[in-house]
Each structure stands twice: as structure tokens, then as C-alpha cells.
Amino acid sequence: MNHLTVQQLSAALDGALGGPSLELVVHHLAHCHECRDRQAGLARNDDALRRLLSHDPHDFFLDDLERRVEALTVAIMRGLPVPPMVTSSPLQSEEDPYASAEPPLPARPELGPAGAIAHEAGFGRIGLKPTASSQAPMADPAEAQRLLEALERGETGDFTELTAQDQRDHASVDGPKFDLPGWIKQASGTPKPGEAPRPREVQKLELFFEHLNDRNANLPHDAVEEVFRREGAAQAESPVRDVGGPPLLPFRALPAPPAPAPVTPATPAAAAPAVPVVPAPRVPAAADPPVRLTPLGAPSAPEPHPLSRQLPFVSTRPSEQLERPDVVTKETPWRRAPAWTKAGGESSPPFQPPHQAPVTDAYEQVNEPRRRPVPRVKPTPRFAAAWLLATASVGGLLVLLLVLQFLPPADSPGATAWRGFRLPNIRFAPGDSTAPLDAPSLDPALHSATTPFPVESPVPGGEFPLDGSPVDSTGLPSDSLATAADTLGPVPGR
Amino acid sequence: MRVSPAENLWGVPVSIPLTVTAVRRGGAGGRALDETPERPWTEPGQDPEWIIAAQRGDVASLLALVNAHRRPLWRACISITRHLGEAELLFQETIAHAARNLRAAPVARPVLPWLVRLARQIENAKLRGREPRPSVGLRRPSGEPWLAGARGSHWVDDEQRSLHAFAQLHSDDQWLLTMRLFERLPYADIARVTGIPVPRVMNRIALAREYIERVHELGEEAA
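Description of the structure in this document.

Definitions and cut-offs
- Residues numbered from 1 in each chain as written.
- Chains lettered and ligands numbered in written order.
- Predicted model: local features only at pLDDT ≥ 70, side-chain atom pairs only at ≥ 80, totals over all residues.
- Heavy atoms only, no water.
- Helix = DSSP H or I, 4+ residues; strand = E, 2+ residues; numbered from the N terminus.
- Buried < 20%, exposed > 50% of the residue type's maximum accessible area, 1.4 Å probe, protein only.
- Areas by Shrake-Rupley, 256 points an atom, 1.4 Å probe, with all protein chains shown as cover.
- Disulfide = S-S within 2.5 Å.
- Patch = residues over 30% accessible without salt bridge, like charges linked within 9 Å, V, L, I, M, F, W, Y side chains within 5 Å.
- Salt bridge = Lys/Arg side-chain N within 4 Å of Asp/Glu carboxyl O.
- Axes fitted to C-alpha atoms, helices over the stretch in contact; angles between N-to-C directions.
- Parallel < 35°, antiparallel > 145°, perpendicular 65-115°, else oblique.
- Left-handed = near helix turned anticlockwise from the far one by under 90°.
- Contact = heavy atoms within 4.5 Å.
- Nonpolar A, V, L, I, M, F, W, Y, C, P; charged D, E, K, R; others polar.

Before going further, it helps to spend a moment on the overall build of chain A. Within chain A, the regular secondary structure consists of 14 helices and 2 strands. In chain A, buried positions account for 21% of the 494 residues. About 36900 Å² of surface is accessible on chain A, with carbon and sulfur atoms providing 61% of the total.

On to the state of the cysteines, then. Residues and elements named next belong to chain A. Within this structure, the stated rule accounts for 0 disulfides over all chains. Note on C35: no disulfide assigned, nearest cysteine sulfur contributed by C32 at a separation of 3.6 Å. Under the relative-accessibility criterion, C35 is labelled buried at 0%.

All right, on to a nonpolar patch on the surface then. Residues and elements named next belong to chain A. Residues V394, L397, L398, L400 and L401 make up a contiguous nonpolar surface patch of roughly 470 Å² in combined accessible area. With respect to the helices and strands, L401 occurs in helix α13 (residues 381-406). Under the relative-accessibility criterion, L401 is labelled partly exposed at 38%.

Our focus in this paragraph is the packing of helix α1 (residues 6-14) of chain A against helix α3 (residues 33-53) of chain A. All names here are of chain A. Across the interface, α1 lies against α3 with an axial gap of 10 Å and an inter-helix angle of 55°. What the angle tells us is that α1 and α3 run oblique. Once α1 is placed against α3, the crossing between them reads as right-handed. Contacts between α1 and α3 involve V6, L9, A12 and L13 on the former and, on the latter, C35, R38, Q39, L42, A43 and D46.

Residue and element names in this part refer to chain A. Two elements in contact, helix α2 (residues 20-31) and α3, have axes separated by 6 Å at closest approach and are oriented at 110°. With respect to each other, α2 and α3 are oriented roughly perpendicular. In this structure, α2 uses H28, L29, A30 and H31 to contact α3, whose residues at the interface are H33, C35, R36 and Q39. Tallied by class, residues from the contact of α2 with α3 come to 3 nonpolar, 4 polar and 1 charged.

Laid out in C-alpha cells, this is it:
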């Protein structure tokens with residue numbers, strides 16, 4: 001049985017057949033389930049591609065896109081500076097692979113720092129399991145009664161440290177179990193599957209009682225902590241401590257900078273012609289603005305929120321990435337933006353997503369090749385030390401050889417305990433340029449550099465007859481012609 | 001130049017040239033530009049008038065042309081780039097390139113095939129010498145997440161295999177399938193737009209479908 005070709009099936013799908021061809025295909029499909037399956041597969045793929053690629057956006061989207069195109073077109077046709085191209089969604093290279101599939105939740109500034117911590121821990125986010133159990137631990141009434149009785153008797157030996165272990169055993173999991181990312185487990189101390197449980201780590205508390213001098217006395221607790229934090233940060237940045245610098249200025253409380261003013265609509269005359277206006281991300285207004293401490297006279301720089309040290313952020317510093325090679329980070333502004341800018345902590349400058357930033361500076365620069373920055377190799381101190389050691393070794397050896405050249409050798413008269421060393425006298429065979437030119441050669445049959453060339457033999461002088469008569473070797477007229485035998489002389493042995 | 005305040009999506013007033021606004025809204029005696037031509041791929045419609053006016057420097061005519069063909073051009077950009085953000089960028093680049101090269105625009109023929117050809121050339125020029133885009137992105141080409149919902153994960157797998165197979169096709173075959181599947185053009189119109197004979201159009205579309213089906217089967221076997 002001959003099956004239908006893919007051309008027939010495709011044309012039948014597109015309705016391009018007619019007449020006998022259509023009758024043949026219909027008749028075959030009515031009896032051949034294999035060809036029906038093939039045609040169903042083709043139709044399924046067509047439907048999938050139509051669902052994926054036939055994007056039919058709303059008119060609002062196309063209107064907004066057309067406004068941007070209009071700005072470009074007007075600028076190009078009138079010779080004005082071309083505005084940058086802006087996209088309302090991130091480009092493929094700017095997408096965040098860790099972004100949630102769900103739209104972001106609205107900020108809850110009324111929850112304060114606790115809300116920020118809970119948000120980062122995963123509470124209230126669909127698809128992300130909280131790092132801590134959301135259920136209270138199970139209680140044993142008999143055990144509680146026993147402990148209460150022991151407490152009344154004053155026996156505290158039965159009390160053990162309250163831990164959060166074995167909570168997962170009691171929690172009823174209804175649905176698929178989500179596995180947490182590695183960095184969350186590492187940060188929370190949760191053992192990975194197949195890994196031995198580690199003992200609980202008590203959070204370290206740094207105490208700085210010994211540095212509390214008169215300068216920092218009579219300061220509130222927060223101010224003292226701020227002093228120590230800054231000193232620790234300065235010490236971490238530069239290993240050299242401050243020696244005799246100006247003393248720290250007294251601190252005063254400064255209110256946090258006010259939130260940026262909302263975008264006020266510009267007047268039509270002042271606004272740029274048809275340039276798309278990108279809405280600034282909403283900055284939640286803090287109900288209780290936090291207090292920042294800065295030294296008097298010093299410029300107030302934005303300080304990181306104290307919560308930022310507790311939140312499970314992934315570091316973007318290259319040095320820290322090298323220290324933790326298991327952490328996979330993505331160098332995107334989404335990651336660089338602290339969470340408290342979204343969760344309602346301290347007010348921050350408006351954060352602009354990358355896809356709302358201009359894609360191009362101007363249209364002329366679109367097709368230019370993107371240049372990659374050439375990485376600069378900075379020599380490390382260890383490499384510099386090794387290079388200095390190698391240079392010093394070679395130089396010292398050369399100097400030693402030079403000094404030994406001027407010392408008299410051991411077999412020379414006047415030699416001292418310091419025996420000299422001379423390089424061997426090198427002679428280049430067969431001729432030596434240092435030898436005199438008239439020195440006899442060892443083998444006269446061999447030509448060497450000292451053998452004079454034939455052109456250097458004296459040219460016979462005297463007057464040459466112009467009539468063509470023969471002359472001898474001295475130039476005098478000869479009566480007989482010189483033959484080769486006369487020239488060579490008698491043959492020995494004849 | 002007189003300007004007329006208008007509002008964008010977020011309610012912020014922007015300034016648009018009065019002439020453009022009047023033409024777009026059909027006021028001031030102009031014709032409403034929401035009337036898209038019935039057969040924009042094969043019939044020129046008002047394209048020659050707009051092109052001639054735009055070549056003389058009339059910005060409103062060029063914008064009217066863009067407005068008339070924005071939806072099929074957007075679909076073409078989506079099928080070429082398979083990404084929402086990249087399609088936006090390609091759309092703007094195409095119109096900007098067309099505005100710079102209006103003298104090369106066809107006068108007696110429909111403009112939409114010329115615009116799509118520009119878009120394909122720009123995309124090929126951008127990807128020349130670089131790594132190709134991933135066939136399946138982090139999200140759907142429409143920007144939605146790959147969530148299966150009630151249909152099950154195999155639904156998403158089928159879509160991703162089809163999209164991957166489509167991305168592996170030659171750009172000409174991709175374009176033929178796009179005109180057939182998304183624009184729903186008959187073979188004769190596809191041949192007229194692309195300049196390829198009808199039997200060859202039919203054969204290439206059939207072979208492209210067979211290739212996608214074959215890649216689909218291989219993916220299912222591997223799974």
C-alpha cells in the first residue's frame with residue numbers, strides 16, 4: 001500500500017488540493033490510520049507554532065510602539081538627533097533567568113523590616129518554598145506536663161535546648177516537594193540530601209568593648225555600632241591603619257533623604273517631541289523614615305541598609321565569587337538592586353530596569369560591532385617578586401663571570417688565593433682572523449682565508465707590443481710561442 | 001510647529017505633531033488610518049500615494065504607512081526574532097532604516113513585503129558572526145512564562161520542541177512557513193510575494209513541516 005507523500009499531506013492541510021488529487025487523498029486517509037497520524041502530527045505542530053509565534057498584541061501596545069517609531073521617523077526625516085531606541089520588555093541578553101514567573105507582588109511598606117525578611121525568605125511568593133517551616137512545631141502534652149512539673153520542683157536538668165529539628169517530619173506535604181537552591185541551604189544550614197547533618201551554628205556576635213574610649217563615650221548604642229562598623233570597613237579596605245589622621249568628628253543624627261518627587265508631567269511646550277516617557281518605578285513611601293548617622297561636615301553618602309547583611313544575597317564581587325565557586329551569579333542590575341528598595345525599607349534612588357534604559361545611543365551606532373574590553377593583566381605581588389629574584393640571579397651570575405675574567409688564573413705568576421677563571425680561547429677553523437696573513441698554512445694544497453687570490457699576483461709590467469707578437473711572462477718579446485709544456489716545466493719522471 | 005498634547009499609556013502627556021494626530025484620528029478631513037488594506041501583501045492599496053508623499057518629505061504619510069502595516073510587520077518581527085523585546089527593537093530599526101532609504105522603496109508595488117525584507121536583512125546583519133539566539137528562550141515569544149497550567153508539562157514540551165525545530169530551519173523556510181501559518185496566505189500569493197514558483201513553495205513548506213515533525217519525534221524518543 002502506497003502511503004501519501006508529505007507534499008500531499010501538507011497541501012491537504014493547506015486546502016490547496018482539488019479535483020482528483022483531493023479525492024485521492026481523502027479516500028486514502030479514510031482507510032490509512034498511519035497517514036492520518038502523520039497528518040495529525042503536522043497539524044499539531046502547526047497549531048503549536050501558531051500559538052507561539054502569531055502574537056497579536058493589544059492596540060495599546062502597538063500604539064505605544066508606534067509612538068516610539070514616530071519619534072524616530074520624525075527625527076530622521078527632519079535631520080534632528082535620533083532619540084534612543086527603547087523597548088518595553090527586556091532584550092534576550094538582559095533577561096533574568098532567576099526571575100519569578102509570576103508578576104511581582106506589590107510592596108508592603110507597612111510590614112517594615114520583618115516584611116522585607118519574609119519576602120526574601122520566600123513567604124508569599126508563588127513557586128518559592130519558604131526557607132523556614134510555616135507551621136508551628138508539634139507539641140506533646142505529656143512532655144509539656146512533665147516539664148512544667150519539673151519546673152515547679154526546680155529541676156532544670158531535663159530542659160534541653162529548643163531546636164527546630166524534626167519539623168519536616170510532622171509537616172504534611174500535600175503536593176510535590178520543592179528542593180531549595182544550594183545557596184539557600186548553605187545559608188540556612190539545612191543539610192543537603194545525602195549529606196551528614198551539621199551541628200547548628202550559633203550566630204557570631206562581635207563585641208568591641210576595648211575600643212570604647214573617651215571619644216565614643218556618651219554616645220547612643222546605635223552611634224557606637226556605627227563607629228565600629230565604619231572602622232571595620234575602613235580597616236578591611238586598607239590594611240594600613242590610620243596613623244595620626246584627624247580625629248573622628250562627633251556624630252549627629254540626620255534624617256534620611258526624602259523620597260524622590262513623583263514625576264510631574266511636563267508642559268507640552270517643554271517636553272521633547274514625541275519622546276516616549278518611561279514610567280519611573282514606584283518607590284514605596286516609608287512611614288517611619290530611618291535615621292542615618294553621618295559625621296558632621298562629611299557628605300551624606302547612601303549607606304546600605306542593616307538588613308542587607310542578613311538577607312541571602314548573592315555576591316557580585318569577583319573576589320567573593322572566586323571564594324565561593326559553587327555560587328552561580330548573574331551580573332545584572334536586577335541582582336545588584338538591593339531588596340529593601342523593593343520591600344519598603346530605606347528610601348533609595350529610583351531603580352531603572354535595564355529594558356527601560358535606552359538600547360542605543362543613536363541609530364548610527366546600531367550596526368557597529370560591539371567591542372569587548374580587553375582584560376588588563378595586573379601583575380600580582382608574588383609574580384613581581386619572582387621576576388625580581390630571577391633578574392637578580394642572572395645579573396649576579398654575569399657580574400661574577402666578569403670579575404673572574406680580570407683575576408689572574410691559577411697557573412699565572414702572581415696568582416693569589418683567588419683563582420681566576422678565563423673563558424677558553426675559541427679558534428675558528430680552518431682560518432683564524434686573528435692569525436697573520438703570511439702565516440704558513442698546514443696544508444698548502446688547501447686554500448684558506450690566508451691564501452691570496454690570483455688577482456693579487458703582480459701584473460706583468462713593461463711595454464706590450466701592439467703588433468700581436470708573442471711575449472713571455474715578463475712582457476718581453478719572445479721568439480717562440482710558449483706552450484703548456486714550457487709553462488709547466490719538465491714532467492717529473494720522464 | 002504646533003503641538004497637541006496627548007497622553008501615553010501611563011497618562012503622561014507627550015507632544016505629537018498636530019498633523020500626525022489629525023491624520024491618525026481621521027479628523028481635519030483626513031482619512032482614518034485604522035483601515036488596513038484587505039490584502040496588504042499583494043495589493044498596494046494606498047501604499048504608492050503614501051510612499052510618493054513620504055519621498056517628498058511628508059512625515060505624516062510615512063507614519064500613515066507604518067500605521068497601516070504595523071500589525072503584520074509586528075507579526076513578522078516576532079516570527080523572525082522569536083522574542084518580544086528583540087521584536088520591539090527590530091520593529092523600530094526596520095522603520096528607521098526604511099525612513100533613511102525611502103528612495104529604494106517600491107512605488108507601484110505593496111510596501112509590506114519590502115519592509116519585511118528590510119527586517120530580515122537587519123536581523124541577519126545583526127546575527128552575522130555572532131552566536132545564534134537560543135532556539136527556546138526563557139519565556140514564550142510573547143513574553144509569557146512557560147507555565148503549563150492544567151494542560152500538563154507535555155504541552156509545554158511539545159511547544160518547545162516545535163519552536164526549537166522551527167528555529168533550526170533555514171530563514172527562507174521559516175519565512176515561507178510564517179506566511180502560510182500566520183499570515184494564512186495561499187500558495188499563489190506566497191509565490192507572488194517571494195518570487196518563488198508555486199510548486200517549489202508547496203514542496204519547501206511540506207519539507208519544512210516534515211523536518212519539524214521529525215525533530216519532534218526525535219525529542220519524544222529522547223525523552
